[in-house]
Amino acid sequence: MLSHTLTDYIKRFIQANQLPGLSVAVVKDGGIVLAEGFGVRSVVDGQPVTPNCLYHMASVSKPFSATALMQLAEQGKVDLDARLVEYLPWFTMDDLRVNSITLRQMLNHISGMPDVHDYEWGNPYTEDDALEVYARSLSSEKLLSDPGTQFAYSNIAFELLGTVIARVSGLTFEEYMRRNIFDPLGMKTSTFLRGEVPDELAMTPHNNLFGNEVLPYYPYNRAHAPSSTFHTSANEACRWMQVNLNRGELDGVRILQDASYDLLWKPYFPIEEGRQIGLSWFLQDIHGFNAVGHGGSDDGFRSMIMLVPEMNLGVTVMSNANGAPMLQLATALVEIGLGFEPEQPRPSVYFPVMKAYLEEGFDSALDCIHSLRGKETYQMTADRFANAADQLFDQSSTQTVDVIKLGLSVDPKSAALHAIMALEYGRSGDVEKASAWLDQAENLEPDNFVVKYVKQHLKDYAPDAQSASL
């Protein structure tokens, strides 16, 4: 049976990636193939994960915000091609170009809006006016580019779209989502409010950098609800996938008109080879089938939703660990659902290398890489090193450079690692080296998501970069 094949693969994946907890939901042809929890909610108490456990889904929140805007557009309450300032006339940035930005451009990540630099997870703002307070705090920000000209992933844009939803509807953002999406679909425990997550269903965030350690804080701040604070379970993720695969209707309830999906899933702007952006949804090809999806990545959690509408197939995966490669898992489960044989899970070389690094030092870690090269037991890729380096950079860790160097020993052509090294040099004030590393990253893979992000934001980290050509 398909469910047995999926479950076998998932168990091997969990073991290979040393994950504390994982939940998976798979739907096909209108039915639920799998909705199951694996592992533990926390490595401290060992409570098992169930299909009802609620995960912080991070950026999987964004298609919900897009759905809400489409609802308001269907009702004639918003025009996606209208300017943001028509709905938030008080909104301002230190950039006159902001006055021409449209809602559609914000949904497509081509508005020129910058991204959030500090989510203040450890110091959350939880009042009803959180979105407006945050929006008003952006008055000194500048755009990255002329609106409509470049793709630049922006959580700020979605916080502002959420502010529009609240202003137009007269409800808080979270209450709008409950009344117009969760309640009609019977998603009874799904929520954008951390305070509504029952303790007995809550997943604990873990740092998977050097073994699974419980984070000392939870990634929640109401100011970032539209981009990041959606919580759901495997069981209720099935409802969300089914209504989208049915193009807005489920069990006699319609939350969107069929024609709205022609807009949501229309390719608007290229991101990298084989990948484009719709209205919040990312579009890609899997074995000749058109897939739409969105990933989520916040401290202590990773998630991914992937739909193949033409085959009526949907997969949602969610884990309570930083390093969980959810895109890899979701793609493999989609491949199984389509009848293809995915690559079997193998542990990343990152795990034995970092064990050697922590126990015996950098040189021992290098020796470990050399001893394992050419063996099929491990994945000899730099993805996990890039993920770890990104997290360590955010923590201003002295280990960042070592992890980058070890990753480059595994894969000298990793554009992401070159780009993160550029950030590290930029923050240290060495603009010349920052520029050189960024140039190398662009030469290796100019369309790489991380490379593009660093190119757009390096000046934010480099104190003296204004005088450099970055």
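Just above, that's the structure.
Residue positions are counted from 1 within each chain, in the order its sequence is given. In keeping with the predicted nature of the model, local features appear solely for residues at pLDDT of at least 70, side-chain atom pairs appear and are counted solely at 80 or more, and the whole-chain, interface and lining totals rest on all residues. Hydrogens are left out, water is left out, and the side-chain values use all remaining heavy atoms of the structure.

### Thoughts on the overall build of the chain
Now for step 1: Numbered from the N terminus, helices here are DSSP runs of H or I no shorter than four residues, and strands are runs of E no shorter than two. Along the backbone of the chain there are 18 helices and 14 strands.
Now for step 2: For the chain, the spread of C-alpha atoms along the three principal axes comes to 65 × 60 × 45 Å.
Now for step 3: To sort residues, take the accessible area from a 1.4 Å probe on protein chains only and compare it with the maximum for the residue type: under 20% means buried, over 50% means exposed, and anything in between is partly exposed. Buried residues in the chain amount to 57% of all 470 residues.
Now for step 4: Note on contacts: a residue pair is in contact if any heavy atoms of the two residues lie within 4.5 Å. Residue pairs in contact within the chain that sit at least 24 positions apart in sequence constitute 68% of those at least 6 positions apart.
Now for step 5: Accessible surface is estimated by sampling points in the Shrake-Rupley manner with a 1.4 Å probe; for residues, cover comes only from the protein chains shown. Surface summary for the chain: the accessible area is close to 18600 Å², and the carbon and sulfur share equals 47%.

### A word on a nonpolar patch on the surface
Now for step 1: Residues with no salt bridge and a relative accessible area higher than 30% make up the patches, which join like charges within 9 Å and nonpolar side chains (Val, Leu, Ile, Met, Phe, Trp, Tyr) within 5 Å. Salt bridges are identified by distance alone: a Lys or Arg side-chain nitrogen within 4 Å of an Asp or Glu carboxyl oxygen. A cluster of nonpolar side chains, Val 43, Val 44 and Val 214, forms an exposed patch at the surface whose accessible area comes to about 250 Å².
Now for step 2: Examined against the element boundaries, Val 43 turns out to sit in the loop between β2 (31–39) and β3 (55–56).

### Re helix α16 (residues 415–428)
Now for step 1: One less than the number of residues in a helix, times 1.5 Å, gives the span that helix is expected to have. With 14 residues, α16 should cover 20 Å at 1.5 Å per step; its first-to-last C-alpha distance of 20 Å lies within 8% of that length.
Now for step 2: Burial within α16 is extensive, with eleven of its 14 residues counted as buried.
Now for step 3: What α16 keeps buried is the set Ala 415, Ala 416, Leu 417, His 418, Ala 419, Ile 420, Met 421, Ala 422, Leu 423, Glu 424 and Gly 426.
Now for step 4: On its buried face, α16 sits against α14 (383–394), α15 (400–410), α17 (431–444) and α18 (449–461).
Now for step 5: Backbone geometry just after α16 places Gly 429 at a positive phi near 95 degrees.

### Concerning the pairing of strand β14 (residues 313–319)
Now for step 1: Most of β14 is tucked away, with seven of its seven residues classed as buried.
Now for step 2: Here β14 shows no split at all, with Leu 313, Val 315, Val 317 and Ser 319 on one side and Gly 314, Thr 316 and Met 318 on the other all buried.
Now for step 3: Sheet analysis places strand β1 (residues 21–28) next to β14, joined by seven bridges and oriented antiparallel. Residue pairing in the sheet places Val 27 in a bridge with Gly 314 of β14.
Now for step 4: In this scheme, strands are said to pair when DSSP sees at least two bridges between them. As defined by bridge partners, strand β13 (residues 301–308) adjoins β14 across seven bridges and the pair is classed as antiparallel. In the strand pairing of β14, Val 308 is matched with Leu 313.
Now for step 5: The hairpin turn running from β13 into β14, its antiparallel successor, is four residues long, and Asn 312 in that turn takes a positive phi close to 50 degrees.

### Considerations on the sheet that holds β14
Now for step 1: If you walk across this open sheet you meet the eight strands as β2-β1-β14-β13-β12-β11-β10-β9, and the pairing is antiparallel. Looking along the sheet, the strands with just one partner apiece sit at the ends: β2 and β9 (269–272). The sheet shows a mean angle of 20 degrees between the axes of neighbouring strands, taken without regard to direction.
Now for step 2: Two elements, strand β11 (residues 282–286) and strand β12 (residues 289–298), share five bridges in a ladder whose sense is antiparallel. When the sheet's bridge partners are listed, Leu 283 is paired in β12 with Val 292. Axis definition: a line fitted to C-alpha atoms, over the contacting stretch in the case of helices. Angles run 0 to 180 degrees between N-to-C directions.

### With respect to empty space enclosed by the protein
Now for step 1: Only protein atoms enter the 1 Å grid used here. Points where a 1.4 Å probe fits but cannot escape make up a cavity, open sets with protein on both sides within 12 Å along at least five of seven lines make up a pocket, and a residue lines them when an atom lies within 4 Å of a point. Grid points are joined across faces, edges and corners, and a volume is the space filled by probe spheres set on the points. This model, assessed by the stated rule, comprises three cavities of 30 Å³ or more.
Now for step 2: Of the voids in this model, the largest cavity is the one considered here, and its volume is about 50 Å³.
Now for step 3: Every residue lining the largest cavity is listed: Phe 151, Ala 152, Tyr 153, Phe 449, Lys 452, Tyr 453 and Gln 456.
Now for step 4: Three categories are distinguished: nonpolar for Ala, Val, Leu, Ile, Met, Phe, Trp, Tyr, Cys and Pro, charged for Asp, Glu, Lys and Arg, and polar for the others, with Gly belonging to the last. A breakdown of the residues in the lining of the largest cavity according to their chemical character gives five nonpolar, one polar and one charged.
Now for step 5: If you add up the space inside the second largest cavity, you get close to 30 Å³.
Now for step 6: Lining the second largest cavity are Met 57, Val 60, Phe 64, Phe 230, Thr 232, Ala 237, Trp 240, Ile 305 and Thr 316.
Now for step 7: Here the residues of the lining of the second largest cavity sort into seven nonpolar, two polar and no charged.

### Some remarks on the pattern of salt bridges
Now for step 1: What the rule picks out here adds up to 20 salt bridges.
Now for step 2: Close ionic contact of Arg 104 with Asp 81 constitutes a salt bridge, the shortest N to O distance being 2.7 Å. Of this pair, Arg 104 sits in helix α4 (residues 103–107) while Asp 81 sits in the loop between α2 (62–74) and α3 (84–87), placing them 23 residues apart in sequence.
Now for step 3: For Arg 104, a relative accessible area of 18% gives the class buried.
Now for step 4: A salt bridge links Arg 346 to Glu 343, with the nearest nitrogen and oxygen atoms 3.2 Å apart.

### Quick notes on the packing of aromatic side chains
Now for step 1: Stacked, tilted and edge-to-face are the three classes assigned to paired rings of Phe, Tyr and Trp, where Trp is represented by its six-membered ring and a pair needs centres within 6.5 Å; plane angles under 30 degrees give stacked, over 60 edge-to-face, the rest tilted. Throughout the structure, instances matching the rule amount to 19 aromatic pairs.
Now for step 2: On the numbers, 4.1 Å between centres and 40 degrees between planes, the contact of Phe 64 with Phe 230 is tilted. In this pair, Phe 64 is assigned in helix α2 and Phe 230 in the loop between α8 (225–228) and β6 (231–232), connecting sequence segments 166 residues apart. Accessibility assignment for this pair places Phe 64 and Phe 230 in one class, buried.
Now for step 3: Every member of this aromatic cluster is reached through a ring pair, and the members are Phe 64, Phe 173, Phe 182, Phe 192, Phe 230 and Trp 240.
Now for step 4: The side chain of Lys 62 reaches across the aromatic face of Phe 158, ending 5.8 Å from its centre. Placement of a charge over a ring requires the Lys NZ or Arg CZ to be within 6 Å of the ring centre, with the centre-to-atom vector within 35 degrees of the ring normal.

By themselves, these are just geometric observations and shouldn't be taken as functional.
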